[in-house]
Protein chains: 2
Amino acid sequence: MKPKQQREKFRSNQYTGTTSGMCDNYLQANMIILPKEYAFEFLLFCLRNPRSCPIVDVLEEGVTQPRIADADIRTDLPKYRIYRKGKLEKEVVDITDEWRDDFVTFLIGCSFTFEKSLIGEGIGLLHQEQNRVVPMFKTTIPCEKAGRFEGNMVVSMRALKEDEIEKAVQITEKFETSHGGPVHIGHPEEIGIADIQKPDYGESVSFDENERTPVFWACGVTPQNVGLNVKPSIMIAHAPGHMLITDQLEEQ
Amino acid sequence: MKPKQQREKFRSNQYTGTTSGMCDNYLQANMIILPKEYAFEFLLFCLRNPRSCPIVDVLEEGVTQPRIADADIRTDLPKYRIYRKGKLEKEVVDITDEWRDDFVTFLIGCSFTFEKSLIGEGIGLLHQEQNRVVPMFKTTIPCEKAGRFEGNMVVSMRALKEDEIEKAVQITEKFETSHGGPVHIGHPEEIGIADIQKPDYGESVSFDENERTPVFWACGVTPQNVGLNVKPSIMIAHAPGHMLITDQLEEQ
């Protein structure tokens, strides 16, 4: 299915699940919406933290159509999260009623973009096989501060076989605007993850720890974690794992 | 002379001229100061126009010390320009009296950074030989709009001998955060320059048009040109050619 058709299914709420594995070769993006008063500091935060927050598009205040997708960001993602003063208020499938003319939208690269290339090299992805939202974890890896925005990195985890890891590193390093190579391999406790079976976002994935090693990539959910500290009056984001599928091919 | 010592001479106003040719191998930067209300749109303008506005540092509101120089941006450039509502009000050698806590400062790469490498390869730079501020011109090359910020690119010009041009292209292409390779070679009228002897910024440089070809690089004075359209309540910039010399080596 082409991105436009896929987004129609989200717009009509026929599908409200994760976008992992959808629309191969098209760039997927994390989304963060903030009132303009926060926009400068947040954009600077992204520039200073390109590994977790690689900017792929910015929509000026009041703009609802990205430059990289013939889409309406108020309706064309499968699921959204609304945060007020740093607290998750609710998950919704449409944010039209919440929209304000002073909202600025940031689109940030997503590791789903490189999953097709991993699978193409024979690397199996358990969250897809088990129909789960990829597990994501808060870490103790600090981001670089910008204005009021400060906090720690969120990472996504894929458990790989020993002989797949080097290949996965080589493949993902090339995807600079989709988080690049892993930020950590093998020792979750070293980056502040206490229990690999209890993700902070997404869903738990079963794997045999004797056969597979957890590999961690920087994740575009980082701003949602940082937002908990900044407590913006309102912040709207995609639900973790439920991305904007853009019309931009990953090669571009 | 090291950047710190050189900046002391600017701070004490012992020298108020161009910084071209100073502190070889250290990155030089254009500076733009705007009230915070313009900061998001201007930062986005820079991101969308990386050739003319490559960001090398951003100082959050009220901050006067860059991350890439042990300097005070209010005193440590040789000369400044103060614009009000898009009009040049005056040139000054110190902006301490104008400073406000809501000022955000942007540092943008400068082509002076690659001049040492050109000279090192035997390419003579006439503006240095003739003790002039490098000539800069408004062009008809449009920048990509961001919010209220829109307008045309400004370029710097160096007249080179035919057999130097390819080498100059190769050398400068590597300086990605200092404007990279030329944006135009040889036909000033094609980019809207009517008279190569009448620059819009800097000073005229004499050369024999039968022996040398004008080569144009994107220039960090572009925001000053764009600012004329946006008419911000106040905008402070370096005087063209009178840059911030940073403590960062160009290799970094």
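Residues numbered from 1 in each chain as written. Chains lettered and ligands numbered in written order. Predicted model: local features only at pLDDT ≥ 70, side-chain atom pairs only at ≥ 80, totals over all residues. Heavy atoms only, no water.

(A) Quick look at the nonpolar core. Core analysis: the largest hydrophobic core is formed by 92 residues, its most contacted members being A:F40, A:F42, B:F40 and B:F42. Apart from the residues within four sequence positions on either side, B:F42 is in contact with B:I32, B:L34, B:F106, B:I108, B:F149 and B:P223. (Core = buried A, V, L, I, M, F, W, Y, C linked by side-chain atoms within 4.5 Å. Buried < 20%, exposed > 50% of the residue type's maximum accessible area, 1.4 Å probe, protein only. Contact = heavy atoms within 4.5 Å.)

(B) Expanded view of the sheet that holds strand β7 (residues 152–161) of chain B. All names here are of chain B. Overall, antiparallel pairing links the four strands, which are arranged β6-β7-β9-β8 in an open sheet. The open sheet is flanked by β6 (136–142) and β8 (184–185), the only strands paired with a single partner. Note that β7 and strand β9 (residues 212–218) share seven bridges and pair antiparallel. Across the sheet, residue A159 finds its bridge partner in β9, namely P214. Docked against the sheet, helix α5 (residues 165–173) engages β7, β8 and β9, running at close to 15 degrees with respect to β9. Along the sheet, helix α6 (residues 222–230) contacts β6 and β7; its crossing angle with β7, the most-contacted strand, is approximately 145 degrees. (Pairing = 2+ DSSP bridges. Helix = DSSP H or I, 4+ residues; strand = E, 2+ residues; numbered from the N terminus. Axes fitted to C-alpha atoms, helices over the stretch in contact; angles between N-to-C directions.)

(C) Broad picture of the relation of the copies chain B and chain A. Once chain B is rotated about the relating axis by 180 degrees and shifted along it by 0.0 Å, it coincides with chain A to within an RMSD of 0.0 Å. Viewed as a symmetry operation, the transformation between the two copies matches a two-fold axis. Relative to the rotation axis, the closest C-alpha in chain B is found at B:F40, a distance of 2.0 Å. Taken as a fraction of all interface residues of chain B, those also at the interface in chain A reach 100%, which identifies the copy contact as same-surface. (Least-squares fit on C-alpha atoms with pLDDT ≥ 70 in both.)

(D) Region of interest: the packing of aromatic side chains. On inspection of all chains with the given rule, the structure shows 21 aromatic pairs over all chains. Measuring from ring centre to ring centre gives 6.3 Å for B:F42 and B:F45, while their planes differ by 20 degrees; the resulting arrangement is stacked. In this pair, B:F42 and B:F45 both sit in helix α2 (residues 39–48), three residues apart, roughly one turn of the helix. Considered together, B:F42 and B:F45 belong to a single accessibility category, that of buried residues. In textbook terms, an aromatic cluster arises when at least three aromatic residues are bridged by ring pairs, as seen for A:Y38, A:F42, A:F45, A:F106, A:F149 and B:F40. Residue placement shows B:R158 over the ring face of B:W217; its charged tip is 5.3 Å from the ring centre. (Phe/Tyr/Trp six-rings, centres within 6.5 Å; stacked < 30°, edge-to-face > 60°. Lys NZ or Arg CZ within 6 Å of the ring centre and 35° of its normal.)

(E) Expanded view of the pattern of salt bridges. Going through the model one piece at a time under the given rule, you end up with 36 salt bridges over all chains. The residue A:D102 makes a salt bridge to A:R100 at a minimum N-O spacing of 3.0 Å. Exposure remark for A:D102: the relative accessible area of 26% places this residue in the partly exposed category. Residue classification places A:R100 among the partly exposed positions, given a relative accessible area of 35%. With its nearest N and O atoms 3.5 Å apart, the salt bridge here joins B:R67 to B:D57. (Salt bridge = Lys/Arg side-chain N within 4 Å of Asp/Glu carboxyl O.)

(F) Region of the structure containing the sheet that holds strand β9 (residues 212–218) of chain A. Residue and element names in this part refer to chain A. Pairing within the open sheet is antiparallel, and its four strands lie in the order β6-β7-β9-β8. The sheet is open, and its two borders are formed by β6 (136–142) and β8 (184–185), each paired with just one other strand. Pairing geometry for β6 and strand β7 (residues 152–161), over four bridges, is antiparallel. Its bridge partner lying in β7, F137 is registered against V155. Here helix α5 (residues 165–173) sits on the sheet and contacts β7, β8 and β9; the angle it forms with β9, its principal contact strand, is near 15 degrees. Packed on one face of the sheet, helix α6 (residues 222–230) meets β6 and β7 and runs near 145 degrees to β7.

(G) Representation of the pairing of strand β2 (residues 55–59) of chain B within the structure. Residue and element names in this part refer to chain B. Most of β2 is tucked away: four of the five residues are buried. Sheet analysis places β2 next to strand β5 (residues 103–109), joined by four bridges and oriented antiparallel. The residue bridging D57 from the neighbouring strand is L107, located in β5.

(H) Inspection of the side chain of A:R212 at higher detail. Residues and elements named next belong to chain A. Here R212 lies in strand β9. Despite being buried, R212 has no salt bridge partner; E164 is the closest side chain of opposite charge, sitting 4.2 Å away. Within polar-contact distance, the side chain of R212 engages the backbone oxygen of A159 at 2.9 Å. (Lys, Arg positive; Asp, Glu negative; His and termini not counted. Polar contact = N/O pair within 3.5 Å; in protein donor to acceptor, adjacent residues only side chain to side chain.)

(I) The interface of chain B and chain A, seen in detail. Chain B puts 19 residues into the contact, and the matching count from chain A is 19 residues. For the pairing of chain B and chain A, the buried interface totals around 1500 Å² over both sides, and the portion due to carbon and sulfur atoms is 60%. When the buried area of chain B at its contact with chain A is split by residue, B:F40, B:R48 and B:E60 rank highest and sum to 40% of it. Our count for the chain B to chain A interface comes out at six salt bridges. Taking the shortest distance from any N to any O, the salt bridge between B:E41 and A:K36 comes out at 2.6 Å. Residue assignment for the side of chain B that touches chain A shows that the elements contributing at least two residues are α2 and β5 of chain B. Residues of the side of chain B that touches chain A, tallied by class, amount to nine nonpolar, one polar and nine charged. (Buried area = accessible area lost by both parts, 1.4 Å probe. Nonpolar A, V, L, I, M, F, W, Y, C, P; charged D, E, K, R; others polar.)

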